[in-house]
Amino acid sequence: MYYYSLEHRSPEVDFRTATVLGQAPDKGLYFPERIPRLAPEFVDALPAHSLPELAAAVLGPLTEGSLPEPILRSIVTDALSFDIPLVPLSEDLHVLELFHGPTLAFKDVGARFMSRCLGYFSGEPVTVLVATSGDTGGAVASGFDGVKGVKVVILYPKGKVSPVQELQLTTCGENVTALEVDGTFDDCQRMVKEAFADRSLTGLTSANSINVARWLPQQVYYWWAYRQWDHAEPPVFVVPSGNFGNICAGLLAFHEGMPASHFLAACNANDTVPRFMQTGTMDPHPAVATLSNAMDVAVPSNFGRILELFERRGMPLGGKVSSLSVGDEATIESIRELYRVYGYVADPHTAVGYDAWKTYRKTHPGAKGILLSTAHPVKFAPTIESALGIQLDLPESVKALYEKPARKVAMGTDFAELKAFLLGAG
């Protein structure tokens, strides 16, 4: 399998090279030269497959030529070593819990897969450079902690991640450095992109969902959700969305043959995509801070991949995808409603998805949905405890973070400062 740049000014590369580079030299995102189509017989036989077996079958065509089948099976078995249950809330709505991994967030799936791929591909020393709005950084830090030959540098916006998220960023081993940027996530993402474009900085790769090894494995849990689905009608997937890598992975699974009725991208007040879906114009506004901070993204990097998916198939995007924006007040009310009606404790991102689902159901009363729950509520304990008047129990993995020394480096938003740090750390 080969990958081309969406900017079309760089040569095609194999999966290994796309993973190591992260972003194409022309600053474009890599995209597979063809979308594998999985046979209907595979879909019918899903209940017979374990999670690692399913992952190997789905990812095999996309990593062909770079990961031998036994290596791929070993990687997915090690990376996907935790539960991803589909929990029923009602006859019409199920929650796919993606927070049972080591950092309590959905990004554990992609980060753990990518770290093991880079470990297999390792030759020259490499620096993983990543911007995070909350959960990506913790998943990457955990996934790469102690990996030989790999340094990790994580940029996160000062004061805009939760206390638990910050501990997950700042308490890892010596090969992981957290940079606390006095700005927004978009500032962090801009600096990272400038670093990849600077030819004097070598040996860099990305661990954001712009990297194919982070993006592609996320489709596995969509297939796993459908494996657990017990309705004849395919589900509507409701996806809390910020940088749009998560929903893009689900749409890739759909184009590969996974049944789905619709995809609903649930955004917070950062509503670039909901406005685009209404007007056809991409007009980003400056990012604003919200309770669902991991989605505080003004310019979603992966939306270009979504457009590419549908343009290549000649399909109208609006026929399969819609997007809604949800404010903080509605988020809090949804947290309370989920607890009051179902006894379910949800984090703010999941609550954004639930509110969007309720709006969608008003015009699609017979729809049945799967809501992706992207983070454990304890990562947002102050918000949840204030909204519900309860005390959350800390998982043992979180308790252990408070016993570790935290390390971080303060930084401004000038790229020259990041460049100087990277050259000094090299």
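It should be emphasised that the depicted structure is a prediction, and the values quoted were computed from it without experimental measurement.

A look at the sheet that holds strand β1 (residues 2-5)
Then step 1. Read across the sheet, three strands follow the order β2-β1-β3 without closing on themselves; strand pairing throughout is antiparallel. The sheet is open, and its two edges are formed by β2 (13-14) and β3 (30-32), each paired on a single side.
Then step 2. The pairing of β1 with β2 spans two bridges and is antiparallel. Across the sheet, tyrosine 2 pairs through a bridge with aspartate 14, a residue of β2.
Then step 3. Packed onto the sheet, helix α13 (residues 303-313) meets β1 and β3 and runs at close to 30° relative to β3.

Brief notes about the sheet that holds strand β14 (residues 409-411)
Remark on secondary structure: sheet strands pair via backbone hydrogen bonds, oriented parallel or antiparallel.
Then step 1. The strand order β9-β6-β7-β8-β14 describes an open sheet built from five strands, whose pairing is parallel. A single partner strand is all that each edge strand has here, and the edge strands are β9 (204-206) and β14. Averaged over neighbouring strand pairs, the angle between their axes works out to 30° when direction is ignored.

Description of the pairing of strand β7 (residues 150-157)
Then step 1. A large share of β7 lies buried, amounting to seven of its eight residues.
Then step 2. Here strand β6 (residues 126-131) pairs with β7 via six bridges, running parallel. Along β7, the bridge assignment pairs valine 130 with isoleucine 154.
Then step 3. A crossover connection joins β6 to the parallel β7 through helix α6 (residues 135-144); in handedness this β-α-β unit is right-handed.
Then step 4. Where β7 and strand β8 (residues 176-181) come together, six bridges link them in parallel fashion. Within the sheet, the bridge partner assigned to leucine 155 lies in β8 and is leucine 179.

Here we look at helix α11 (residues 245-256)
Then step 1. Taking 1.5 Å of rise per residue, the 12 residues of α11 would be expected to cover 16 Å, and the 16 Å separating its terminal C-alpha atoms lies within 8% of that figure.
Then step 2. Judged by how many residues are buried, α11 sits mostly within the fold: 12 of 12 residues are covered.
Then step 3. If you check which residues of α11 are buried, you get Gly245, Asn246, Ile247, Cys248, Ala249, Gly250, Leu251, Leu252, Ala253, Phe254, His255 and Glu256.
Then step 4. With its phi angle positive at about 125°, glycine 257 sits one or two positions after the end of α11.

As for helix α3 (residues 51-63)
For an α-helix, the turn length of 3.6 residues means that residues three or four places apart are oriented alike.
Then step 1. Compared with an ideal rise of 1.5 Å per residue, which puts 13 residues at 18 Å, α3 spans 18 Å between its outermost C-alpha atoms and is within 8% of the ideal.
Then step 2. Burial in α3 covers these residues: Leu51, Leu54, Ala55, Ala56, Val58, Leu59, Leu62 and Thr63.

What to know about the UniProt feature "domain: Tryptophan synthase beta chain-like PALP" (unreviewed entry) in the chain
Then step 1. Under the present numbering, the feature "domain: Tryptophan synthase beta chain-like PALP" (unreviewed entry) in UniProt falls on residues 96-362.
Then step 2. Taken end to end, residues 96-362 comprises 45% helix and 15% strand; its first and last C-alpha atoms sit 22 Å apart.

Observations concerning the nonpolar core
Then step 1. Tyr3, Phe15, Tyr222, Trp223, Phe237 and Phe263 are the most contacted members of the largest nonpolar core, which has 96 residues in total.
Then step 2. For phenylalanine 237, the contacting residues outside a window of four places in its chain are Tyr222, Ala225, Met258, Pro259, Ala260, His262, Phe263, Leu264, Ile370 and Leu372.

Regarding the UniProt feature "modified residue: N6-(pyridoxal phosphate)lysine" (unreviewed entry) in the chain
Then step 1. The UniProt record marks Lys107 with the feature "modified residue: N6-(pyridoxal phosphate)lysine" (unreviewed entry), using the residue numbering of this structure.
Then step 2. Within the secondary structure layout, lysine 107 lies in helix α5 (residues 107-121).

A look at the domain arrangement of the chain
By a frequent convention, interface size equals the accessible area lost on bringing the separate parts together.
Then step 1. Split by domain assignment, the chain resolves into domain 1 (2-106 + 213-384) and domain 2 (125-202 + 399-423).
Then step 2. A C-alpha centroid distance of 24 Å is found between domain 1 and domain 2.
Then step 3. Taken together, the 22 residues of domain 1 in the interface contact 19 residues of domain 2.
Then step 4. Across the domain 1/domain 2 interface, buried area totals approximately 1600 Å², and carbon plus sulfur atoms make up 51% of it.
Then step 5. It is Thr103, Asn293 and Lys379 in domain 1 that bury the most area against domain 2; as a group they hold 31% of the surface buried on that side.
Then step 6. Here domain 1 is connected to domain 2 by zero salt bridges.
Then step 7. Applying the counting criterion to the domain 1 and domain 2 interface returns nine residue pairs in polar contact (both at pLDDT 80 or more).
Then step 8. Tallied by class, residues from the side of domain 1 that touches domain 2 come to 12 nonpolar, six polar and four charged.

Scoring rules and cut-offs
- Residues numbered from 1 in each chain as written.
- Predicted model: local features only at pLDDT ≥ 70, side-chain atom pairs only at ≥ 80, totals over all residues.
- Heavy atoms only, no water.
- Pairing = 2+ DSSP bridges.
- Helix = DSSP H or I, 4+ residues; strand = E, 2+ residues; numbered from the N terminus.
- Contact = heavy atoms within 4.5 Å.
- Axes fitted to C-alpha atoms, helices over the stretch in contact; angles between N-to-C directions.
- Buried < 20%, exposed > 50% of the residue type's maximum accessible area, 1.4 Å probe, protein only.
- Right-handed = clockwise from strand over helix to strand, strands pointing away.
- Expected span 1.5 Å × (residues − 1).
- UniProt positions renumbered as here; feature names shortened; annotations may be inferred.
- Core = buried A, V, L, I, M, F, W, Y, C linked by side-chain atoms within 4.5 Å.
- Domains from an automatic or database assignment.
- Buried area = accessible area lost by both parts, 1.4 Å probe.
- Salt bridge = Lys/Arg side-chain N within 4 Å of Asp/Glu carboxyl O.
- Polar contact = N/O pair within 3.5 Å; in protein donor to acceptor, adjacent residues only side chain to side chain.
- Nonpolar A, V, L, I, M, F, W, Y, C, P; charged D, E, K, R; others polar.

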